[in-house]
Each structure stands twice: as C-alpha cells, then as structure tokens.
Amino acid sequence: MNRNRILCFSALAATALLASGCGEKPFVKVNGQIITKDEYISALEQTLAVAGPNGTVPVPAGRLVLEQLIGRKIILAEAATQGVVPSDDDVNKAFRYRKDMLEQSQPGKSFEEELQKQGTTAEAFKDNLRAELAEVAVLIKKLGVGDDKVRAYYNEHRDEFGLPARVQLRLILVGPNTPQFADAQKKLANPKNFTEKTARELNIIPQLKATGGLQVLATQALPPNVAPKIQQAALGTVIGPVDWALQGGAAKAWIKVEKKLPQYNVPFEEAAPVARQRVILQLQSTNDPKFNQIRSEIIQKKFAATVESTSPVHETIWKAVKKSAQDAGLDKAPVAAPGAVGGVPPAAPSAPGKGVPTPEPSVPGKGVPKPGAAVPK
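Residues numbered from 1 in each chain as written. Predicted model: local features only at pLDDT ≥ 70, side-chain atom pairs only at ≥ 80, totals over all residues. Heavy atoms only, no water.

J.: Whenever I open this one, unusual backbone geometry confuses me. Can you help?
T.: Apart from glycine, the bulk of residues carry a negative phi angle, and the bulk of peptide bonds sit in the trans form. The residue after G240, namely P241, is reached through a cis peptide bond having omega 0°. Examined against the element boundaries, P241 turns out to sit in strand 5 (residues 238-246). Non-glycine residue N177 carries a positive phi angle of around 60°. Mapped onto the elements, N177 comes out in the loop between strand 3 (166-174) and helix 7 (179-187). One non-glycine residue, N287, adopts positive backbone phi at about 55°. Within the secondary structure, N287 sits in the loop between helix 11 (268-285) and helix 12 (289-304). Residue classification places N287 among the partly exposed positions, given a relative accessible area of 37%. (Helix = DSSP H or I, 4+ residues; strand = E, 2+ residues; numbered from the N terminus. Buried < 20%, exposed > 50% of the residue type's maximum accessible area, 1.4 Å probe, protein only.)

If you want it as structure tokens, here you go:
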C-alpha cells in the first residue's frame, strides 16, 4: 500500500498535477476561490477514469477531477483558517524526499525527467504536495498530535524512511537444460557479450526483459548462494552461470555487478513532513473515532461549499457528486471507513500520473524474481 495516499478528497496525491492558471476567467468558484479551466484541463489530461466501489461502473475522469479540485480548495482554505498552511520549506522537504527515494532506489533515473515525461513540472508537483500536506497539517492540529509523537514515530520506524544497502545488477535468468540456457552459455562465454541487448534477448522473466536485466536488490534479499560472490566482486564483474532458486524449480543466472549502494538514511529534520503523514495514516488505519469525526467534519465542509460554474454541465456534475455523498451519508455522519468520498473511490494505486514517479518508490527489487518466485517454462 502506498502510505502517502491518505487525502480525504484530494486523492490524486501526485496524479492531478495542477497548473496555476493565474489571470484567467473563472471556470468554477468554490466559496469564492477560483478554479480555472486550465487547472481543470491540466488535471484531466493526467487522470484516467477509475473503477467504482466494489467493481461498479467506472467513475468518469471529469467528475473525479472536478471533485478533487474542489476538495483541494477547501482543504487549503481550512489550513489557512487553522493557521497551518504548509511552509515552502516543508513542501521542499517533501519534494526532496520523493525525489531522493526514487533516484536512490533506481540509480540513473532523474525525478524531474520522469515528471517531464508526463508533461508536468517540479513546481506543479509541489503545488499538489502543498494540498496533501495541508490536509495532514489540519488533522495534526485538530487531533492534538505534537512534534514529540511525530519524532517518536520516526525513531521507532527510522529504517522505513530510508533504504537498506543495495546492489544494482544486470541479471539474466534462463531455465536449466533449455535451448535458452545453451544459447546463453554460448553468448556469455565471453563476458563482454553481457550487454543490455543480450539481457533483453535471453531473459525468460518479462520484468527483466523490459529493463534489459537491470534491477536493484536490497543486499539482504540476494539468494544466499550468490550473495557473498556479489558482495566480494568488483564493479563490472560477471558471475555465472549460477543457480537461482525459484518456485517450482530453479533457473540459471548470469549476473553483472553494476553498482553497490550504501544504506541511505534520512534525518528527522528532512523526514518530518513524511513522518507526520505516516502518523496520520496510522491513526486512520486504527479507525479511531476522533479521527473519523474530524475527518467527517472536513468532508462536510466540502459538500457545504458554495460551488458556482460557468459550465452548466459541471454544475450538474457537482450536483451528482453531492447527491452521491448524501446517499452515502457523507454529508452528515462520521465516516467509519476512510477512503472514498462522495461515492468516488480514491485514485487507483497505480503509479501516480500514469508513470509519474511514485512518492515513495517500491522496495528495491520489487518484481525481481527472488527465491520462491515462479520461473516460466
């Protein structure tokens, strides 16, 4: 589970990366606050329709985006009322954390380049982070969560805010006693032939084909029979063929050691914005009555907002959103199970922004065949 997806009604998190749209005619007004058409289109372009609750009819992206943009305005206004609008420093820390986690877990990748591939910018990403942090700040204040509790959480989960020692490998896995194994033996008799192209050609594991065999694994996740060899090998060394135990059999592996990466630690001062998010997420997971009451009150402010639009279509959409909320009781009673708002589920747990780097990258090696994984025949 992505631990940062806790926004009550700005659930795009990193998906709806918004343009500023200053100086344009209002498209929608929320309690007098303006949402421009460019803001709406920018978010819409990066959002897919998502499945409805329990696999029901998909929610149109236009409705999802409108609801989330309205929610964003409400939470920023509430943060201003409470005097807890996130500072530029906190936004920058949260941004650096996400950037560093991606680049540390996937050496060679640039966070900014990944954002550019999706047609957005670092500043737009920070705008969305500000709304995400604003909701956390409101909940922190209303729940009376002090810095001591946030620091205690960090101290207890310190390792989770960084990355363990890791190795970047180029890996080729083939089935033993197969034509692919014979082909690999022939081609890799000369270590110079161990290239990205060769890894794409020979690998039997789809994930490894896709990356040219390039993967990052936590050192402790390496198979015991090859871990010492990898740890002792110089960079560029090719190891293999060696056994790589897999569920239902074994594979033969050739391994090229690309990089060795030390443990990556994030000090509390840099991790504090993320630690606050995780404290709130922990409270949410316990279904704490006080948390649910406060969260419900914030959601009710959203549905009580005065929303005006120059587009009759979008006024109709908003009325439908409110009707769904009323039918679900979200405009009145405390919410027992955080998640969907107004009948709309939170953003799907795929990579935000259709490929935009996730706020917290997967554990190194996720998707890599490790002992116990199945090997294709």
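Here the narrative resumes.
J.: It is not clear to me how the sheet that holds strand 6 (residues 249-261) should be interpreted in this structure. Could you clarify?
T.: Hydrogen bonds along the backbone pair up the strands of a sheet, which may run parallel or antiparallel. One open sheet accounts for four strands, arranged 4-3-6-5; its pairing is antiparallel. At either margin of the open sheet sits one strand with a lone partner, and together these are strand 4 (214-218) and strand 5. Going across the sheet, the axis of each strand differs from the next one's by a mean of 45°, ignoring polarity. Across nine bridges, the pairing between strand 3 and strand 6 is antiparallel. Note on strand 6: the bridge partner recorded for L173 is A253. Each of strand 3, strand 5 and strand 6 touches helix 7; the most contacted strand, strand 6, lies at about 40° to it. (Pairing = 2+ DSSP bridges. Axes fitted to C-alpha atoms, helices over the stretch in contact; angles between N-to-C directions. Contact = heavy atoms within 4.5 Å.)

J.: So what exactly am I meant to see when it comes to the pairing of strand 4 here?
T.: A regular strand carries its side chains on alternate faces of the sheet. In terms of burial, strand 4 is a largely internal element, four of the five residues being buried. The pairing of strand 3 with strand 4 spans five bridges and is antiparallel. Paired with Q168 across the bridge in strand 4 is V216.

J.: Could you clarify how one ought to interpret the pattern of salt bridges in this entry?
T.: Where side chains of opposite charge bring their charged atoms close, a pairing between them can arise. Counted by the stated rule, this structure contains 17 salt bridges. We note a salt bridge from D90 to R276, for which the minimum N-O separation is 3.4 Å. Here R276 lies in helix 11 and D90 lies in helix 3 (residues 88-105), a separation of 186 residues in the sequence. R98 is paired through a salt bridge with E132; the nearest N and O atoms lie 3.3 Å apart. With R98 in helix 3 and E132 in helix 5 (residues 122-143), this pair connects stretches of sequence that are 34 residues apart. Of the two residues, R98 and E132, neither departs from the other in class, the shared state being buried. One network of salt bridges, in which partners are shared, links E78, K142 and K301. (Salt bridge = Lys/Arg side-chain N within 4 Å of Asp/Glu carboxyl O.)

By themselves, these are just geometric observations and shouldn't be taken as functional.
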